Amino acid sequence: MKPLHIFIVFALFMALAITNLSATPSEDESLFVDNNEDRTQVEPPSVGITSRFLGQKSRGAMTCDKYPRVCRVAGSPGPDCCKKKCVNVTRDRLNCGMCGRKCKYSEICCKGKCVNPMSSKWHCGGCNNGCDKGSKCLYGMCSYA
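Quantities reported herein were computed from a predicted structural model and do not represent experimental measurements. (Residues numbered from 1 in each chain as written. Predicted model: local features only at pLDDT ≥ 70, side-chain atom pairs only at ≥ 80, totals over all residues. Heavy atoms only, no water.)

A. Fine view of the state of the cysteines. Taken as a whole and assessed by the stated rule, the structure comprises eight disulfides. Note on cysteine connectivity: Cys-64 is disulfide-linked to Cys-81, with sulfurs 1.9 Å apart. Since a negative S-S torsion denotes a left-handed disulfide, the Cys-64-Cys-81 link at about 70 degrees is right-handed. Taken together, the positions of Cys-64 in the loop between α2 (52-55) and β1 (80-82) and Cys-81 in strand β1 put the pair 17 residues apart, joining distant regions of the chain. (Disulfide = S-S within 2.5 Å. Helix = DSSP H or I, 4+ residues; strand = E, 2+ residues; numbered from the N terminus.)

Okay, structure coming up:
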């Protein structure tokens, strides 16, 4: 843990040094410009005119708890709403079959049920990948024993 801490401190120091070196002015630049030029402030022509676009209030994020049809739009992760997020309860490991039902670490969600793809005869290695008659699923592969 100590070498990792030293490495992180060294990396931050190098990033700080690079930032400081790139921020210093070169020889042909100076910090103060005094060319006695007339630098009067010119107001932009749109002063006093407000835009309707900027005056509108933002709607905020459209969450599925308030707008359930958001989940049915093309490109949505799924048609179901769980904890203000669109999910597909037939495939989502954190909401398998219903909101809040989590599959175990070694399981996946197939057709709304948590299954172990390493040993399931009907979902061997993945969803809907059934083994032929007379074979069984071993370590996610169908084998004849």
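B. Spotlight on a nonpolar patch on the surface. On the surface, Met-1, Leu-4, Phe-7, Ile-8 and Leu-12 cluster together to form a nonpolar patch covering roughly 600 Å² of accessible area. As for its position among the elements, Ile-8 is in helix α1 (residues 2-23). Taking the relative accessible area as the measure of exposure, Ile-8 reaches 43% and is therefore partly exposed. (Patch = residues over 30% accessible without salt bridge, like charges linked within 9 Å, V, L, I, M, F, W, Y side chains within 5 Å. Areas by Shrake-Rupley, 256 points an atom, 1.4 Å probe, with all protein chains shown as cover. Salt bridge = Lys/Arg side-chain N within 4 Å of Asp/Glu carboxyl O. Buried < 20%, exposed > 50% of the residue type's maximum accessible area, 1.4 Å probe, protein only.)

C. Unusual backbone geometry, seen in detail. Even without being glycine, Lys-84 reaches a positive phi, approximately 65 degrees. Positionally, Lys-84 belongs in the loop between β1 and β2 (85-87). Judged by its relative accessible area of 54%, Lys-84 falls in the exposed class. Backbone geometry at Tyr-139 places phi at a positive 55 degrees, although glycine is not the residue there. With respect to the element layout, Tyr-139 can be found in the loop between β5 (135-138) and β6 (141-144). Note on Tyr-139: relative accessible area 70%, which makes it exposed.

D. Representation of the side chain of Glu-107 within the structure. Tracing the backbone through its elements, the reader meets Glu-107 in the loop between β2 and β3 (108-110). Lacking a salt bridge, the buried Glu-107 has Lys-104 as its closest oppositely charged neighbour, with an N-O distance of 4.9 Å. Contacts of Glu-107, omitting those with residues within four sequence positions, involve Arg-93, Cys-114, Val-115, Asn-116 and Pro-117. (Lys, Arg positive; Asp, Glu negative; His and termini not counted. Contact = heavy atoms within 4.5 Å.)

E. The arrangement of the pairing of β5 in detail. Only one face of β5 is buried: it carries Ser-135 and Cys-137, and the other face, with Lys-136 and Leu-138, is open. Bridge analysis of β5 against β6 gives four bridges, and the strand direction is antiparallel. Bridge pairing in β6 links Ser-135 to Tyr-144. Between β5 and β6, which follow one another and run antiparallel, lie two residues, and Tyr-139 among them has a positive phi close to 55 degrees. (Pairing = 2+ DSSP bridges.)

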